[in-house]
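Take a look at the letters that make up each chain.
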Amino acid sequence: MELDLIKLGSNALKKAALHEEAKQFVLQNEKIFQLFKRAANRYIGGETLEESVDTIKNLNNRGFSVTTDFMGESIRTESEANKATLEFISLAKKIYSEKLNSSISLDLSHIGLLVSKELVINNLYKICEEAARSNQEVIISMEGTDRTDQILDVYKEALNVHSNVGITLQAYLHRTQNDFEEIKKCKGSIRLVKGAYDTPEGLSIPRGNKLDEIYLNYTEQLLSSDHPCAIASHDEKIHKEAIKLIDKYKPTKYVLERLLGICNEEFEIYKNNKYACRMYVVYGKEWYLYVCNRWAEYPLNLFRGLADIVD
Ligand SMILES: Cc1cc2nc3c(=O)[nH]c(=O)nc-3n(C[C@H](O)[C@H](O)[C@H](O)COP(=O)(O)OP(=O)(O)OC[C@H]3O[C@@H](n4cnc5c(N)ncnc54)[C@H](O)[C@@H]3O)c2cc1C
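Residues numbered from 1 in each chain as written. Predicted model: local features only at pLDDT ≥ 70, side-chain atom pairs only at ≥ 80, totals over all residues.

Description of the domain arrangement of the protein
On domain assignment, one finds that the protein holds domain 1 (1-47 + 287-311) and domain 2 (48-284). On a C-alpha basis, the centroid separation for the pair domain 1 and domain 2 is 24 Å. The partner domain 2 presents 14 residues to the 9 residues of domain 1 that form the contact. (Domains from an automatic or database assignment. Contact = placed C-beta atoms within 7 Å.)

Considerations on the packing of helix α9 (residues 209-224) against helix α10 (residues 236-249)
For the pair α9 and α10, the least separation of the axes is 10 Å and the interaxial angle reads 25°. The angle between α9 and α10 places the two elements in the roughly parallel class. The way α9 lies across α10 gives a crossing that is right-handed. Facing D212, Y215, L216, T219, E220, L223 and S224 of α9, the residues of α10 in contact are K237, I238, E241, A242, L245, I246 and Y249. (Axes fitted to C-alpha atoms, helices over the stretch in contact; angles between N-to-C directions. Helix = DSSP H or I, 4+ residues; strand = E, 2+ residues; numbered from the N terminus. Parallel < 35°, antiparallel > 145°, perpendicular 65-115°, else oblique. Left-handed = near helix turned anticlockwise from the far one by under 90°.)

A few points about the site of the ligand
Taken together, 25 residues lie near the ligand, and S141, V193, S233, H234 and Y298 sit nearest. Among the secondary structure elements, those contributing two or more residues to the shell around the ligand are β5 (165-170), β8 (254-259) and α12 (287-297). In terms of residue class, the shell around the ligand is built from 11 nonpolar, 7 polar and 7 charged. In terms of domain composition, the shell around the ligand takes at least three residues from each of domain 1 (1-47 + 287-311) and domain 2 (48-284). (Near = placed C-beta within 6 Å. Nonpolar A, V, L, I, M, F, W, Y, C, P; charged D, E, K, R; others polar.)

What about α9?
The terminal C-alpha atoms of α9 lie 22 Å apart, and with 16 residues this matches the ideal 22 Å at 1.5 Å per residue to within 8%. All of the buried residues along α9 are Y215, T219, L222 and L223. Along the long axis of α9, the arc covered by the buried residues comes to 90°, so they all point the same way. Structural note: α9 exposes N209, K210, E213 and S224 on the side pointing more than 90 degrees away from its buried face. Tucked into the core, α9 has its buried residues touching β6 (190-193), β7 (229-232), α10 and β8. (Expected span 1.5 Å × (residues − 1). Buried ≥ 20, exposed ≤ 12 C-beta atoms within 10 Å, placed from the backbone. Arc of directions from axis to C-beta.)

Some remarks on the pairing of strand β9 (residues 277-283)
Of all 7 residues in β9, 7 are buried; the element is thus mostly enclosed. Neither face of β9 is open: one carries C277, M279, V281 and Y283, the other R278, Y280 and V282, and all of them are buried. Pairing of strand β1 (residues 44-46) with β9 involves 2 bridges; the strand directions are parallel. Residue pairing in the sheet places I44 in a bridge with V282 of β9. Summarising the sheet, β8 and β9 pair through 4 bridges and their orientation is parallel. Opposite L256, over in β9, you have C277 as the bridge partner. This β-α-β element, β8 to helix α11 (residues 264-272) to β9, shows right-handed connectivity. (Pairing = 2+ DSSP bridges. Right-handed = clockwise from strand over helix to strand, strands pointing away.)

Details of the nonpolar core
Residues F88, L192 and V291 are the most contacted members of the largest nonpolar core, which totals 71 residues. Two domains each provide a minimum of three residues to this core, namely domain 1 (1-47 + 287-311) and domain 2 (48-284). Filtering out sequence-adjacent residues up to four positions away, F88 remains in contact with F70, I104, L106, I111 and I127. (Core = buried A, V, L, I, M, F, W, Y, C linked by C-beta atoms within 7 Å.)

Concerning the environment of P228
Its location among the elements puts P228 in the loop between α9 and β7. By the C-beta count within 10 Å, which is 17 here, P228 ends up partly exposed. If sequence neighbours within four positions are ignored, P228 has contacts with S189 and K253.

Given below as structure tokens:
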């Protein structure tokens, strides 16, 4: 019964995330907007780059490294892709000028993947060049399965030119077994996630012990070979097992990674115990969709939202 209700809530929140009327209602009604924003603040660095710099500095001062993402995806015109690219370049400049300990994370579909390969490569290279000035990485997120081949293709091409580019692999995809073998041979860093997108039947492994085992197997391969990697999860069990592997292999190029605002209490403890912890900070005005998605993936977060609103 409880599980059914949680599933019902999750599906409703996924619908709300994509419901244009509901979004406009929230964004255009000043009072509701302010309430909703109070709940959103837990998850976002700010609406602008300037606001986010304070969040990043604060996290750095507390001992977290950061990766920063300007929210957005699935851009379908060249001009919008170029506009997003300029924002990422400004972010890279800010990281340099403010000496922030932050890499950059992005969706390739935000900077032109759906327009043309030439455009996305050009835009990615410009961002990588700027990020290289402060020795920072640009980490490519992984999107839905209809884009996996294109994303891996762009990543491999980019690695020939820029060494500061990394990739995200989704442990839940069956195909990742092969992709992992191939990508592990490249020097770039690998962010390992379970996977967030609905997939066509047969392509992915559902949440459960089998997926956890597979995820931890990849984790062990990365940590034991000291391949640069990010073990990105909010699952306490996964991070506790990863910590055992870190103690065993003593890798030097790993981070444990979580999204800002999600299960950050335990993360504070890992960081205080000297494990390398990186916080993923998003910023921008598109937070409505982002927050609905964070609630949908774990509907109990709605109660946190309520508490944030009334506090
Ligand atoms: C830094 C980072 C980057 C990511 N990048 C990508 C990407 O590029 N592509 C992609 O497909 N996915 C990405 N993801 C999402 C990822 O694939 C998972 O969907 C997400 O992390 C949930 O899976 P999980 O491993 O945390 O645990 P799950 O198996 O989903 O959940 C296990 C337990 O973790 C806790 N938990 C999980 N989520 C939450 C939450 N939102 N709030 C509170 N508790 C929670 C709960 O206790 C839950 O029972 C990223 C995740 C992180 C942390």
